[in-house]
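# Close look at the chain arrangement
Okay, here's what each chain looks like letter by letter:
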Amino acid sequence: MLEKFFLHQKQYSQKIRAEGLDFRIDALNELEKAIEAHRTEIIEALKKDFQKPEAETLLSEIYPVLKEIKFTKKHLSQWSKAKKVHTPLTLFGSKSYIQPVARGVCLLIGPWNYPFQLCMLPLVSAIAAGNCAIVKPSELTRHTSSVIKKILTGTFVSDHVFVAEGGVETTQELLKLPFDHIFFTGSTRVGKIVMEAAAKNLTSVTLELGGKSPTIVDATANINEAAQKIAWAKFINAGQTCVAPDYLFVHESIHHAFKKRLIAAIEDFYGKSPELRKNSPDFARMVTFNHARRLKDLIDDAVSKNAKIVFGGLSTPDEHFCEPTLLENVDPHSLIMQEEIFGPILPVMTFKEISEVIHFINEREKPLALYCYTNSQMNMERIQYETSSGGLVFNDSVIHFVNPYLPFGGVNHSGLGSYHGEHGFRAFSHEKAVLKQSFFGKLLRIMYPPYTPIKMTALKNLIRFRL
Ligand code: NAD
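Conventions used here
- Residues numbered from 1 in each chain as written.
- Predicted model: local features only at pLDDT ≥ 70, side-chain atom pairs only at ≥ 80, totals over all residues.
- Heavy atoms only, no water.
- Helix = DSSP H or I, 4+ residues; strand = E, 2+ residues; numbered from the N terminus.
- Buried < 20%, exposed > 50% of the residue type's maximum accessible area, 1.4 Å probe, protein only.
- Contact = heavy atoms within 4.5 Å.
- Areas by Shrake-Rupley, 256 points an atom, 1.4 Å probe, with all protein chains shown as cover.
- Lys, Arg positive; Asp, Glu negative; His and termini not counted.
- Charge placed at Lys NZ, Arg CZ, Asp CG, Glu CD.
- Near = heavy atom within 4 Å.
- Polar contact = N/O pair within 3.5 Å; in protein donor to acceptor, adjacent residues only side chain to side chain.
- 1 Å grid on protein atoms, 1.4 Å probe; cavity = no way out; pocket = protein on both sides within 12 Å on 5 of 7 lines; lining within 4 Å.
- Sits in = over half its atoms within 2 Å of the grid points.
- Core = buried A, V, L, I, M, F, W, Y, C linked by side-chain atoms within 4.5 Å.
- Domains from an automatic or database assignment.
- Disulfide = S-S within 2.5 Å.
- Pairing = 2+ DSSP bridges.
- Axes fitted to C-alpha atoms, helices over the stretch in contact; angles between N-to-C directions.
- Parallel < 35°, antiparallel > 145°, perpendicular 65-115°, else oblique.
- Nonpolar A, V, L, I, M, F, W, Y, C, P; charged D, E, K, R; others polar.
- Salt bridge = Lys/Arg side-chain N within 4 Å of Asp/Glu carboxyl O.
- Left-handed = near helix turned anticlockwise from the far one by under 90°.
- Expected span 1.5 Å × (residues − 1).

Let us now look at the overall build of the protein chain. Secondary structure assignment for the protein chain yields 16 helices and 18 strands. Expressed along its principal axes, the backbone C-alpha trace of the protein chain runs to roughly 85 × 55 × 35 Å. Burial analysis of the protein chain (467 residues in total) assigns 52% to the buried set. Residue pairs at least 24 apart in sequence account for 72% of intrachain contacts in the protein chain once pairs closer than 6 positions are excluded. Accessible surface, the protein chain as shown: approximately 21,500 Å² in total, 57% of it carbon and sulfur. Positive and negative side-chain charges of the protein chain, numbering 55 and 49 respectively, have mean locations separated by a distance of 10 Å.

A separate point is the site of the ligand. Around the ligand, a shell composed of 26 residues is seen, among which Trp 112, Glu 139, Ser 187, Leu 209 and Glu 340 lie nearest. Within the backbone of Gly 186, an N or O atom sits 3.2 Å from an oxygen atom of the ligand. Residue Glu 340 places a side-chain N or O atom 2.6 Å away from an oxygen atom belonging to the ligand. With the chains in place, 91% of the 840 Å² that the ligand exposes on its own is no longer accessible. Here the ligand occupies the largest pocket. Element by element, the count of residues in the shell around the ligand is highest for helix H7 (residues 168-175), at 3 residues.

For the rest of this paragraph, the subject is the nonpolar core. Formed by 112 residues in total, the largest nonpolar core has its most connected members in Leu 31, Leu 123, Leu 152, Val 217, Phe 258 and Leu 262. The element contributing the most residues to this core is helix H5 (residues 117-128), with 9 residues. Counting residues domain by domain, this core receives three or more from each of domain 1 (2-209 + 418-431) and domain 2 (213-406). Setting aside residues up to four positions removed in sequence, Val 217 forms contacts with Ile 223, Ala 226, Ile 230, Phe 249, Val 250, His 251, Ile 254, Phe 258, Phe 351 and Tyr 373. Within the second largest apolar cluster, 24 residues are counted, among which are Val 105, Ile 109, Ala 197 and Leu 209.

Taken domain by domain, the protein chain holds domain 1 (2-209 + 418-431), domain 2 (213-406) and domain 3 (437-465). Between domain 2 and domain 3, the C-alpha centre-to-centre distance is 63 Å.

Counted according to the given criterion, the structure contains 0 disulfides. The closest cysteine sulfur to the non-disulfide-bonded Cys 119 is located on Cys 242, 14 Å from its own sulfur. With relative accessibility at 2%, the residue Cys 119 sits in the buried group.

If you trace the 3 strands from one edge of the open sheet to the other, you get E1-E2-E18, paired in antiparallel fashion. Looking at which strands have only one partner, the edges of the open sheet turn out to be strand E1 (83-85) and strand E18 (429-436). Recorded for the sheet is a direction-independent mean angle of 30 degrees between the axes of neighbouring strands. As judged from the 3 bridges shared by E1 and strand E2 (residues 95-102), these two strands associate in the antiparallel manner. Paired with Lys 83 across the two strands is Ile 98, which belongs to E2.

At a minimum axis distance of 9 Å, the contact between helix H2 (residues 21-37) and H5 shows a crossing angle of 155 degrees. Accordingly, the angle class assigned to the pair H2 and H5 is roughly antiparallel. Here H2 contributes Arg 24, Ala 27, Leu 28 and Leu 31 to the contact with H5, which in turn contributes Met 120, Leu 123, Val 124, Ile 127 and Ala 128. Residue composition of the contact of H2 with H5, by class: 8 nonpolar, no polar and 1 charged.

Right, let's talk about the pattern of salt bridges for a bit. Any two side chains of opposite charge can pair, so long as their charged atoms come close to each other. Following the criterion strictly, the structure yields 22 salt bridges and no others. Arg 39 is the partner of Glu 36 in a salt bridge, and the nearest nitrogen-oxygen pair spans 3.0 Å. Classification of Glu 36 by relative accessible area gives partly exposed; the value is 40%. Residue class for Arg 39 comes out partly exposed when judged on its relative accessible area of 35%. Salt-bridge contacts for Asp 246 lead to Lys 212; the nearest nitrogen and oxygen are separated by 2.5 Å. On the criterion of sequence distance, the pair formed by Asp 246 in strand E9 (residues 245-251) and Lys 212 in the loop between strand E7 (204-208) and strand E8 (213-217) is long-range, its members being 34 residues apart. Residue classification places Lys 212 among the buried residues on the basis of a relative accessible area of 14%.

As a packed pair, helix H9 (residues 223-235) and helix H10 (residues 255-270) sit with axes 8 Å apart at the nearest point and diverge in direction by 50 degrees. Here H9 is positioned oblique relative to H10, judged by the angle of their axes. As H9 packs across H10, the resulting crossing turns out to be right-handed. Of the residues in H10, those in contact with Ile 223, Asn 224, Ala 226, Ala 227, Gln 228, Ile 230, Ala 231, Trp 232 and Phe 235 of H9 are Ala 257, Phe 258, Arg 261, Leu 262, Ala 265, Ile 266, Phe 269 and Tyr 270. Residue composition of the contact of H9 with H10, by class: 14 nonpolar, 2 polar and 1 charged.

Compared with the 18 Å implied by 1.5 Å per residue over 13 residues, the 19 Å span of helix H8 (residues 188-200) between its first and last C-alpha is a close match. Taken residue by residue, H8 has Thr 188, Gly 191, Val 194, Ala 197 and Ala 198 as its buried positions. Residues of H8 that are buried in the fold lie against strand E3 (105-109), H7, strand E6 (181-185) and E7. Leu 202, located one to two residues past H8, shows a positive phi value of around 50 degrees.

Attention now moves to the sheet that holds E7. Taken together, 6 strands build an open sheet; the order of strands is E5-E4-E3-E6-E7-E17 and the sheet is mixed. At either end of the open sheet lies a strand with only one pairing partner, and these are strand E5 (161-163) and strand E17 (415-416). Bridge count for E6 against E7 is 5 bridges, and the pairing is parallel. Bridge assignment links Phe 184 to a residue of E7, and that residue is Leu 207. Set on the sheet, helix H1 (residues 2-17) makes contact with E3, strand E4 (132-136) and E5; between it and E4 the angle comes to about 150 degrees.

What follows deals with the side chain of Ser 138. For Ser 138, the position within the fold is in the loop between E4 and helix H6 (142-155). Side-chain polar atoms of Ser 138 contact the backbone nitrogen of Leu 140, separated by 3.1 Å. Non-local contacts of Ser 138, meaning those with residues more than four positions away in its chain, are made with Gly 110, Pro 111, Trp 112 and Ser 145.

Dropping the structure here:
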């Protein structure tokens, strides 16, 4: 069944290769109009899926997609041009170019945590690069999945863009097909399954995965600002953000002052009592009972290993609720420090020397993002050069996601490849090497057999002078 759509797209992808850029721009215009027209439905769907506040849907689901479309339309003609490159003396007279060409038919697999944005952003890049796409939204956010289906079915012929709704079996069926590229956003665990399946067809992949994003607050930081920024980045979407601060390292000299401000920031955002926070319209829910249950288990496990709940701690999985929670004295061997938290729980640890933190980070899998609040030039440089992470932000969190000039992606366990802006266009393009030979090419006959003594001398000179 899904194979039928794939085969139709295969044919159509040949057809649209010959189309000019206008075809792609028209497609982006249509997508933009359709998103605008369904704005209310998108907001309602996310409310139904996990009580996502309207402001957060506007800010983190709709705005980034509309902005990406605008940015892409503005720069597409420049990105798509063949780029002339130098030609060495040995190929004298010829001309060389790099021509981005569409990969063909792409599979886009989305997660549930930003279920609209993370299907649509890669789709913008896929369309801009001239591809056909099958989009597989997450089954856990079924209302958003239906709106995505409605928008894309009403905007594109299925030969161009098709939405395959369904659960894990649907993804597994899709993964058997020989796509030209797979763009997967989701967990590291499933990322490995996707890469293994892709390898069977030698399909290229972009993997946007997760992981633990450490956040450092050193003694020189502006702790008022740091507390507010961290509270926002950690608890937006109820902590279900791939680049949310996962755990904190705070310098011991400012630890108490910082904790006070962090608690004040959380209370300002969501209310001063557990009851108010539970009823806050600005705080989302966990997507399923199981996700909420997992978070409760993480807290219980940490507490059983002597962690102290210093703020929050209320967790009612039946209502898919977990309160913003701060933990201290967390054992690095507890589950919460082993797996990505992906919820509103923040372990806070202290440090004396920045080297301890660098060592801690480097001993673990490379994070998707790393945040450092500091005014120390030396600490900035040490973090920048001595650690590896997908992204690095000084004196803020999460916002690098919004800059379309920066590549967004992970490294090793947190991902392979990147996207946004031109980086997204490139992820969905093959960079074709093009060389145009001229009549000077005849000189190269010196390479053809028979290898006479004269030719051998010429060849030796070629090596000698590295021409
Ligand atoms: P997930 O890996 O469970 O699911 C993602 C997709 O994979 C879904 O569409 C699902 O249907 C499919 N899937 C699930 N199990 C599968 C299997 N066994 N075989 C084939 N397909 C399968 O991820 P999730 O829970 O939806 O999202 C949360 C994760 O995604 C977190 O780890 C988070 O950090 C990560 N994430 C990363 C980014 C990023 O940009 N790097 C963004 C958002 C989320």
